[in-house]
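Residues per chain are reported as follows:
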Amino acid sequence: MTRSIDYGKLMHRAMRSLIQDVLCDVRDNGLPGAHHFFITFETTHPETQIADWLKERYPSEMTVVMQHWFDDLTVNNDGFGVTLNFGDQPERLYIPYDAIQTFVDPSVEFGLRFESQDEDEDDEAPTTGPEDVETNADAPSAGQPSEADVVSLDSFRK
């Protein structure tokens, strides 16, 4: 058996650690300036915790916005919890990092996109050079598989 370095897995771990660091800073200091986050996550992930009515409304994935009002942000090594307002109804969510599909801060044109764990495990094609890690703004739309693990930050810059 040949051993190889799994760069895709290492990149995902580093990107999730970046999200954890950002959320810890927001927990401790609040959102600075115009920063806000669009976070898309898998509602089917076994560790995701959302209200039943939200699960019924969003059976596979959901995008939440952390901007003007959020409460009780907690962050740990596996995920984060936050209370958000849905039509004047506060709901507590717990989102594991492994369930996150995209994390975007449009105020600074920053974004990350993750492949699902199933796609990572089933992908038997060898990883080649750095060009496999980046994609551009013309990447396949949500729900279509992408060959890339990371959205190029250049595609978000003005």
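To be clear, the structure that these remarks concern was listed above.
Definitions and limits used
- Residues numbered from 1 in each chain as written.
- Predicted model: local features only at pLDDT ≥ 70, side-chain atom pairs only at ≥ 80, totals over all residues.
- Heavy atoms only, no water.
- Helix = DSSP H or I, 4+ residues; strand = E, 2+ residues; numbered from the N terminus.
- Buried < 20%, exposed > 50% of the residue type's maximum accessible area, 1.4 Å probe, protein only.
- Polar contact = N/O pair within 3.5 Å; in protein donor to acceptor, adjacent residues only side chain to side chain.
- Expected span 1.5 Å × (residues − 1).
- Pairing = 2+ DSSP bridges.
- Axes fitted to C-alpha atoms, helices over the stretch in contact; angles between N-to-C directions.
- Contact = heavy atoms within 4.5 Å.

Caption draft 1: Spotlight on the side chain of histidine 45. For histidine 45, the location among the structural elements is in the loop between strand 1 (37-42) and helix 2 (52-57). In this structure histidine 45 comes out as buried when scored by relative accessible area, which is 14%. Polar side-chain contacts of histidine 45 include one of 3.0 Å to the backbone nitrogen of glutamate 47.

Caption draft 2: Broad picture of helix 1 (residues 7-29). For helix 1, spanning 23 residues, the distance from its first C-alpha to its last is 33 Å, which sits close to the expected 33 Å at 1.5 Å a residue. Three or more residues of helix 1 are buried, namely Gly8, His12, Met15, Arg16, Ile19, Gln20, Leu23, Cys24 and Val26.

Caption draft 3: Looking closely at the pairing of strand 6 (residues 100-105). Of all six residues making up strand 6, six are buried, and the element is well covered by its neighbours. Inspection of the sheet shows strand 1 paired to strand 6 by four bridges, in the antiparallel sense. Opposite phenylalanine 41, over in strand 6, you have isoleucine 100 as the bridge partner. Inspection of the sheet shows strand 6 paired to strand 7 (residues 110-113) by four bridges, in the antiparallel sense. The partner of threonine 102 across the bridge, within strand 7, is arginine 113. As consecutive antiparallel partners, strand 6 and strand 7 are separated by four residues, and within that stretch glutamate 109 has a phi angle of approximately 55°, a positive value.

Caption draft 4: Inspection of the sheet that holds strand 4 (residues 79-85) at higher detail. Here three strands make up an open sheet; going across it, the order is 3-4-5 and the pairing antiparallel. Only two strands of the sheet have a single partner each, and these edge strands are strand 3 (70-75) and strand 5 (90-96). For this sheet the average axis-to-axis angle between neighbouring strands, irrespective of direction, equals 15°. Strand direction decides the pairing type here: strand 4 and strand 5, joined by seven bridges, are antiparallel. If you follow valine 82 over to strand 5, its bridge partner there is leucine 93. Where helix 1 meets the sheet, its contacts fall on strand 3 and strand 4, and the angle it forms with strand 3 comes to roughly 130°.

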